[in-house]
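Inside the fold
Below, each chain spelled out in residue letters.
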Amino acid sequence: NAIHVLSSYVSALPDTHVTILSLLPGEAKRLAAAIPDEGIRCINDLGDDVYGKPDVVTDKPESIPTDLDLVIFALPSFVHELYLKTLKPYLREGVTIGAMPAEGGFDLCAIHNLGSDFVRQSNLFALETLPWACRIIEYGKSVEVLGTKKEVEVIVSPKHGTTKASVTDILHRLVGKLPVFDPASNCLAVTLMNINSVWHPTISYGFYRNRDVNEPFDEPPLFYQGADEYTGEKLGLVSDEVLEIKRVLIKRYPTLNLDSLHHVSHWMLTSYGDDIGDKTSIYTMLRTNKGYRGLTHPMKEVDIGGETKYVPNFKYRYFTEDIPMGLVVTRGIAELAGVSTPHMDDVILWCQKMIGKEYIVDGRLTGKDLHSTRAPQHYGFTDLDKFMEVNHYLDAAAAGEEEEDGSPAAQEVPISAQ
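None of the values given here were measured: they were computed from a predicted structure. (Residues numbered from 1 in each chain as written. Predicted model: local features only at pLDDT ≥ 70, side-chain atom pairs only at ≥ 80, totals over all residues. Heavy atoms only, no water.)

1. Describing the packing of aromatic side chains
Scanning the entire structure with this criterion turns up 20 aromatic pairs. Ring centres 5.0 Å apart and planes at 75° place the aromatic pair F314 and F319 in the edge-to-face group. Note on accessibility: F314 and F319 belong to one class, buried. Between the aromatic rings of Y316 and Y318, the centroid separation amounts to 4.9 Å while the plane-to-plane angle is 75°, which identifies the pairing as edge-to-face. With a relative accessible area of 29%, Y316 lands in the partly exposed category. Here the aromatic cluster, defined as three or more aromatic residues joined through ring pairs, consists of W199, F223, Y224, W267, Y272, Y292, Y316 and Y318. One Lys or Arg, R30, reaches over the ring of Y139 and ends 3.8 Å from the middle of that ring. Of note, R211 hangs over the ring of F207, and the distance from its end group to the ring centre comes to 3.9 Å. (Phe/Tyr/Trp six-rings, centres within 6.5 Å; stacked < 30°, edge-to-face > 60°. Buried < 20%, exposed > 50% of the residue type's maximum accessible area, 1.4 Å probe, protein only. Lys NZ or Arg CZ within 6 Å of the ring centre and 35° of its normal.)

If you want it as structure tokens, here you go:
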């Protein structure tokens, strides 16, 4: 979905050269063949339709331009590492590279694969969520932006001599005036303010908790608009646990800046504003947000007695991405901080059962599949002080201060423990 929107928006801009790299076998050829001469049509909720056609769609990293200025990962976070490793020989220092959304621990993943020196000499950015709610209408041909968010938090770690504003200006040129890119406190705040990791797994858990997941549906059930009051309350409780992590961290490290970390209800109101019809509770906001209208649970079609039915697709990114690269990362930080997370554990334990993975065992992140996550424990961190020190999260308290030359101080870039 996001690749379709970005391809349309960015390719329509003057003086831009857009290359799409897909490492999924056959996908580049399929997409290139599907895009019409006039380009991908993006039905824009804020104005006229946009048409844009990328210059190149390829599966060969050696075919990408050697003078790339900007690299955006608008793809599942579980393949970030694959793309970072693949692109490393073809990237030059000074490139601007980032993810939308970044999910948890993107900074650790980038440093681990590109090296600290490379990242220090480049611009790293991370969006805590996509700028829009969107869906493909016809593959390679048209996509619809259902709702553009009003604000999206972004963390920018600029190279020396580059301001954060210069990077956010580039992002605004790509996507337009909205959303407003609100500077997040630091990479740790973006990891903890990972709305997808709270939203998608918890809503799925709430919907299926008392259902037989093997029982087919006649049609795909509504995702946000199908949430019940229990699910709304559970979302609030999981978010409360994230804020408890914030409270404990700030108490232990008084200079730590986590000002951009908020409750999910605050995020909802900030992101969608008047697009929400009833702001009484999380439950009512989910059901009356026009940006969520019509969106359904990820499903697979099955044929039963000659009729098309639908069963849950637990291989969708809501599970394969938002758990190992999202909620498990937050849970790992909670474990380092000694914060109890019973509601978060409810969601993770149910999800890991659905996807056949093992992350939490006997209340600890010691499962056999921990290596496939971006939890701090995967990178060798078992001590909170070491985690905070090595990754320079405490240095971010000075992120808002100005250097002697008047430009914003560059944020320290995290260093992997491995």
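Here the narrative resumes, following the displayed structure.
2. Here's the deal with the layout of surface pockets
A volume near 270 Å³ is recorded for the second largest pocket. F314, K315, T320, I355 and K357 are, among the 14 residues lining the second largest pocket, the residues nearest its centre. Class assignment of the residues belonging to the lining of the second largest pocket gives a composition of eight nonpolar, three polar and three charged. (1 Å grid on protein atoms, 1.4 Å probe; cavity = no way out; pocket = protein on both sides within 12 Å on 5 of 7 lines; lining within 4 Å. Points joined across faces, edges and corners; volume = space filled by probe spheres on them. Nonpolar A, V, L, I, M, F, W, Y, C, P; charged D, E, K, R; others polar.)

3. Remarks on the pattern of salt bridges
Any two side chains of opposite charge can pair, given that their charged atoms come close. According to the stated counting rule, one finds 20 salt bridges in the structure shown. The shortest N-O distance in the salt bridge between D49 and R41 comes to 2.7 Å. Residue classification places D49 among the partly exposed residues on the basis of a relative accessible area of 31%. Between K290 and D275 there is a salt bridge; the shortest N-O distance is 3.7 Å. With K290 in the loop between helix 11 (282-288) and strand 12 (299-304) and D275 in the loop between helix 10 (264-272) and helix 11, this pair connects stretches of sequence that are 15 residues apart. By relative accessible area, K290 is classed as partly exposed at 41%. (Salt bridge = Lys/Arg side-chain N within 4 Å of Asp/Glu carboxyl O. Helix = DSSP H or I, 4+ residues; strand = E, 2+ residues; numbered from the N terminus.)

4. Overview of the environment of L174
By the element assignment, L174 lies in helix 6 (residues 164-175). When its relative accessible area of 7% is taken as the criterion, L174 is described as buried. Residues L174 and V238, 64 residues apart in the sequence, show an inter-C-alpha distance of 34 Å. Those residues within four positions of L174 in sequence are excluded, and the remaining contacts are Y9, V10, L13, L70 and I72. (Contact = heavy atoms within 4.5 Å.)

5. Notes on helix 1 (residues 2-11)
Most of helix 1 is tucked away: nine of the ten residues are buried. Among all positions of helix 1, only A2, H4, V5, L6, S7, S8, Y9, V10 and S11 are buried.

6. Focus: the nonpolar core
In terms of nonpolar packing, the biggest core is built from 98 residues, with F73, L188, W199, L249, L286 and F387 touching the most fellow members. Core analysis: the second largest hydrophobic core is formed by 31 residues, V5, F125, L130 and C134 among them. (Core = buried A, V, L, I, M, F, W, Y, C linked by side-chain atoms within 4.5 Å.)

7. Here's the deal with helix 14 (residues 342-355)
A rise of 1.5 Å per residue sets the reference length of helix 14, with its 14 residues, at 20 Å; its end C-alpha atoms lie 20 Å apart and thus fit the reference within 8%. Residues M344, D345, V347, I348, W350, C351, Q352 and I355 constitute the buried set of helix 14. Those residues of helix 14 that are buried lie in contact with helix 8 (195-208), helix 9 (229-252), helix 12 (317-320), helix 13 (323-337) and strand 14 (360-361). Phi turns positive, to about 70°, at G356, one or two residues after helix 14. (Expected span 1.5 Å × (residues − 1).)

8. As for the side chain of R374
Along the chain, the position of R374 falls in the loop between strand 15 (364-365) and helix 15 (384-390). Of the side chains with opposite charge, E103 lies nearest to the buried R374, which makes no salt bridge, at 6.4 Å. A distance of 3.2 Å separates a polar atom in the side chain of R374 from a polar atom in the side chain of H80. Polar side-chain contacts of R374 include one of 2.7 Å to the backbone oxygen of A102. For R374, the residues in contact, after removing those within four places along its chain, are S77, H80, A102, E103, G104, G105, F106, C109, P324, M325, V329 and Y379. (Lys, Arg positive; Asp, Glu negative; His and termini not counted. Polar contact = N/O pair within 3.5 Å; in protein donor to acceptor, adjacent residues only side chain to side chain.)

9. Observations regarding the environment of E128
Along the chain, E128 falls in the loop between strand 7 (123-127) and strand 8 (132-138). Relative accessible area serves as the criterion here: at 2%, E128 is assigned to the buried category. Taking C-alpha positions, E128 is 7.0 Å from I195, a pair spaced 67 residues apart along the chain. Among residues more than four places away in sequence, those in contact with E128 are P101, V152, E153, V190, M193, N194, I195 and W267.

Everything listed here is a matter of coordinates, which is why it stays silent on function.
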